[in-house]
Amino acid sequence: MSRAAFRDVVLACPVSVPYERFSARGAQYFIGTALRGLLAEGGLAKREVDGLCASSFSLFPDSGIGLLRALGLEATWLDTIPLGGASGIVALRRAARAVESGDADIVACIAGDTCAPGGFREATARFSQASQDAVYPVGAGGPNASFAMITDHYMRRFGAVAEDFGRLCVAQRANAGPNPRALLRKPITLEEYLASRPISAPVRLLDCVMPCAGAEAFLVMRREEAEARGLPHCHLLAATERHNAYADDPVQERGGWAADRETLFAAAGVTPAGVDLFQSYDDYPVISFLQLEDLGFCAKGEAGAFVAAHDLSTTGDFPMNTGGGQHSTGQAGAAGGFLGLTETLRQLTGAAEGRAVPGARIGLVSGFGMIAYDRGLSCGAAVLAAA
Amino acid sequence: MDSTLDRPLPVTTLETEPFWEGARAGRLVLMRCAECGRLAPPLAPRCPACLSAARAPQTCSGRVSLRGRTVLHLPALPGHPPPLVVVECAVAEEPAVMLVALDPEGISERLPPGAALRLGFATEANGQAYAVVAGAGA
């Protein structure tokens, strides 16, 4: 059965709460700051927001319901998406159906996390029961080791070398230069990348995303609502999600995108060649490689050659992670899964100051989340179009 | 103990008890489904193929093939200073079942993917057992 297309659903009001490397504040503070930003950006009274979709690791043991109380919101629709880097795409899909059906008129999608010194290690320690049971006894519980296994496998299987990953990291950091929100803006060279110290070989320091505190948010509503309010917006053309795909692959070398890309592009009415900008989920470069391949930009195993053959800058022939990606901004927990959406929304509404992709009409955003010590379990992607 | 290395220990349930008991005795014990015959990963709550709970423990050979490898350069395990070699291996009796093991002697070094290894188990002073690479070759 084919899925029903999204009808006249738009995204508006991208909000990014400035990132901090460490913070003594709580997750609710960052999420509340994002909500305040959404109201200011949209010229909305708080009571006009009748739906909330929240994502956070450090909010635990609370969920969205605790946020309503803490932020004084009353809602007719509420969801909590515990899917890490896939949260943004999934939140968008949930919220889109809510406004389509009229269950809500304006949904605030917010992801935010805090990051205390040592907090990342703590968060890692209670990330999943599977990791706790399967790999903590041998010391390999965190994302570095998991992505190192995937990277090691990818290198052996497809003949990739460190320089392949390094080129992507260098290009993304260059894109961060004009992005005032990025914590890491100083350009890096391929030599610096190669010389960076091993963390969980073959993963180097400059492969690893940097944990931080912050939040990302946007509003989802029907097109007529945004037009009546005069809010700059972009359209949701298509979006897919797939969880626990290819479970029998011994080591992850593809994600659920591969199973859904035809559905995604057909529903959006575009082809990979028609995409003006691409935001991958970029916590480690190998995962960006899988997305480039599984979303159809190049064949399996050829992402390294693809990156080397293209200019990923905002004025290049394949603008990718146009604000520098999480790799440069930092990863504010679940907000990392929203970053590609807020960046694309800015690009498609003419709000990407100093780093606009000229003439951008179509943006593809990808999400990837919930690394379960040997593979990421959730994948999603969305195609957005300028109004 | 360095408190920054503290991590919650595995939680033993009725379903995973045979695996952990076997591990403490140095044996790889997996559950084989009585209905469909599939061998389950160590921590599966039921048969992941058919969802049956009718299963019987089976002692496996410990023979595995190397799938992935990483060298941890940051402190990760109390009493085991870095670098630590960690490998991901597929169980010979059922290649879809993956195990993560410590390779304290670096046996997997310079071995290609797919290379045959033998797994054993070690037990920490706190009673926590974990898989280790015990040798190379079938």
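In this text, all values refer to a predicted model and were calculated from it rather than measured experimentally.

Asker: Hey, could you run me through the interface of chain A and chain B in this one?
Answerer: How big an interface is tends to be stated in terms of accessible area lost as the parts join. Each partner contributes to the interface: chain A provides 31 residues, whereas chain B provides 37 residues. Summing both sides of the interface, chain A and chain B together bury roughly 2,800 Å²; the carbon and sulfur share of this comes to 59%. Put simply, chain A and chain B have 1 salt bridge between them. Between the two partners, chain A and chain B, sit 6 residue pairs in polar contact (both at pLDDT 80 or more). Of all elements in the fold, only helix 4 (119–125), helix 5 (129–134), helix 6 (143–158) and strand 5 (198–201) of chain A reach the threshold of two or more residues within the side of chain A that touches chain B. If you tally residues by element for the side of chain A that touches chain B, the top one is helix 6 of chain A, at 6 residues. Taken together, the residues that form the side of chain A that touches chain B break down as 17 nonpolar, 7 polar and 7 charged. The sheet contact formed by strand 5 of chain A and strand 3 (residues 63–72) of chain B spans 2 bridges and is antiparallel. Each bridged residue has a counterpart across the sheet, and for A:Ala201 the counterpart in strand 3 of chain B is B:Val71.

Asker: Explain the pattern of salt bridges here, please?
Answerer: When their charged atoms lie close together, side chains carrying opposite charge are able to pair. Residues and elements named next belong to chain A. Following the criterion strictly, the structure yields 18 salt bridges over all chains and no others. With a closest N to O distance of 3.7 Å, Glu224 and Arg222 form a salt bridge. Judged by its relative accessible area of 45%, Glu224 falls in the partly exposed class. Where Lys300 meets Glu293, a salt bridge forms, and the shortest distance between an N and an O atom there is 2.8 Å. Glu293 gets classed as buried once you look at its relative accessible area, which sits at 3%. A single salt-bridge network, built from bridges that share partners, covers Asp8, Arg223 and Glu227.

Asker: When you look at the packing of helix 10 (residues 257–268) of chain A against helix 11 (residues 285–294) of chain A in this model, what are you seeing that I'm missing?
Answerer: Two packed helices can be described by the angle between their axes and the distance between those axes. All names here are of chain A. Relative to each other, helix 10 and helix 11 sit at 40 degrees, their axes nearing to 9 Å. Comparing the axis directions of helix 10 and helix 11 gives the class oblique. Remark: the crossing between helix 10 and helix 11 carries right-handed chirality. Between helix 10 and helix 11, the contacting residues are Trp257, Ala258 and Arg261 on the first element and Leu290, Gln291, Glu293 and Asp294 on the second. A breakdown of the residues in the contact of helix 10 with helix 11 according to their chemical character gives 3 nonpolar, 1 polar and 3 charged.

Asker: Would you take a moment to explain the pairing of strand 10 (residues 362–371) of chain A for this structure?
Answerer: Put simply, side chains in a regular strand alternate between the two faces of the sheet. Residues and elements named next belong to chain A. Most of strand 10 is tucked away: 10 of the 10 residues are buried. Sheet topology note: the strand 9 (residues 277–279)/strand 10 ladder contains 3 bridges and is parallel. Note on strand 10: the bridge partner recorded for Phe278 is Leu364. Here 9 bridges tie strand 10 to strand 11 (residues 376–386), and the two strands are oriented antiparallel to one another. Bridge pairing in strand 11 places Ser366 opposite Ala381.

Asker: I would appreciate a short explanation of helix 2 (residues 64–71) of chain A in the present structure.
Answerer: The α-helix winds at 3.6 residues per turn, so residues separated by three or four positions along the chain end up facing the same way. Along helix 2 of chain A, the residues classified as buried are A:Gly64, A:Gly66, A:Leu67, A:Leu68 and A:Leu71. Contacts made by the buried residues of helix 2 of chain A are with helix 1 (27–42), strand 2 (51–55) and strand 3 (77–80) of chain A.

Asker: In this structure, what is going on with the domain arrangement of chain A? I would like to understand it.
Answerer: All names here are of chain A. Each assigned domain of chain A is listed with its residue range as follows: domain 1 (9–117 + 213–233) and domain 2 (140–206 + 234–386). Just the C-alpha atoms count here: the centres of domain 1 and domain 2 sit 23 Å apart. At the interface, 41 residues of domain 1 touch 35 residues of domain 2. Regarding the contact of domain 1 and domain 2, the summed buried area is about 2,900 Å², with carbon and sulfur atoms giving 72% of it. Measuring nitrogen to oxygen at the nearest pair gives 2.8 Å for the salt bridge that ties Arg94 to Glu241. Counting only elements with at least two residues in the side of domain 1 that touches domain 2, the list comes to strand 1 (9–20), helix 3 (87–101), strand 4 (106–113) and strand 7 (213–222). Looking at the side of domain 1 that touches domain 2, the element that brings in the most residues is strand 1, giving 10 residues. Residue composition of the side of domain 1 that touches domain 2, grouped by class: 25 nonpolar, 9 polar and 7 charged.

Asker: What is the right way to read the nonpolar core from this model?
Answerer: Where a protein is soluble and globular, its nonpolar side chains tend to be buried together. Residues and elements named next belong to chain A. Counting 48 residues, the largest nonpolar core has Tyr154, Phe278, Leu292, Leu295, Phe297, Phe318 and Leu364 as the members making the most contacts within it. Not counting residues within four places of it along the chain, the set of residues in contact with Tyr154 comprises Gly159, Ala160, Phe165, Val286, Phe289, Leu290, Glu293, Gly301, Glu302 and Ala303. In terms of nonpolar packing, the next biggest core, distinct from the first, is built from 43 residues, Ala86, Val107, Val220 and Val357 among them.

Asker: Help me out: how do you make sense of the environment of B:Phe19 in this one?
Answerer: With respect to the element layout, B:Phe19 can be found in helix 1 (residues 17–24). Other than its neighbours up to four places away in sequence, B:Phe19 contacts B:Leu28, B:Val29, B:Leu30, B:Pro42, B:Leu43 and B:Phe121.

Asker: How should I be thinking about the sheet that holds strand 9 of chain A in this particular structure?
Answerer: Within a sheet, each strand pairs with its neighbour through backbone hydrogen bonds, oriented either parallel or antiparallel. Residues and elements named next belong to chain A. One open sheet holds the 9 strands; their spatial order is 3-2-4-7-1-8-11-10-9, and the pairing between them is mixed. Looking at the sheet topology across the chains shown, the edges are occupied by strand 3 and strand 9. Going across the sheet, the axis of each strand differs from the next one's by a mean of 20 degrees, ignoring polarity. Pairing analysis gives 8 bridges linking strand 4 to strand 7, with the strands arranged antiparallel. Across the sheet, residue Ile110 finds its bridge partner in strand 7, namely Ala217. Here helix 1 sits on the sheet in contact with strand 1, strand 4 and strand 7, set at roughly 135 degrees to strand 1.

Asker: So what exactly am I meant to see when it comes to the side chain of A:Glu100 here?
Answerer: All names here are of chain A. Relative to the helices and strands, Glu100 is located in helix 3. There is a polar contact of 2.9 Å between the side chain of Glu100 and the side chain of Arg97. For Glu100, the contacting residues outside a window of four places in its chain are Ala5, Phe6, Arg7 and Val9.

What counts as what
Residues numbered from 1 in each chain as written. Chains lettered and ligands numbered in written order. Predicted model: local features only at pLDDT ≥ 70, side-chain atom pairs only at ≥ 80, totals over all residues. Heavy atoms only, no water. Contact = heavy atoms within 4.5 Å. Buried area = accessible area lost by both parts, 1.4 Å probe. Salt bridge = Lys/Arg side-chain N within 4 Å of Asp/Glu carboxyl O. Polar contact = N/O pair within 3.5 Å; in protein donor to acceptor, adjacent residues only side chain to side chain. Helix = DSSP H or I, 4+ residues; strand = E, 2+ residues; numbered from the N terminus. Nonpolar A, V, L, I, M, F, W, Y, C, P; charged D, E, K, R; others polar. Pairing = 2+ DSSP bridges. Buried < 20%, exposed > 50% of the residue type's maximum accessible area, 1.4 Å probe, protein only. Axes fitted to C-alpha atoms, helices over the stretch in contact; angles between N-to-C directions. Parallel < 35°, antiparallel > 145°, perpendicular 65-115°, else oblique. Left-handed = near helix turned anticlockwise from the far one by under 90°. Domains from an automatic or database assignment. Core = buried A, V, L, I, M, F, W, Y, C linked by side-chain atoms within 4.5 Å.

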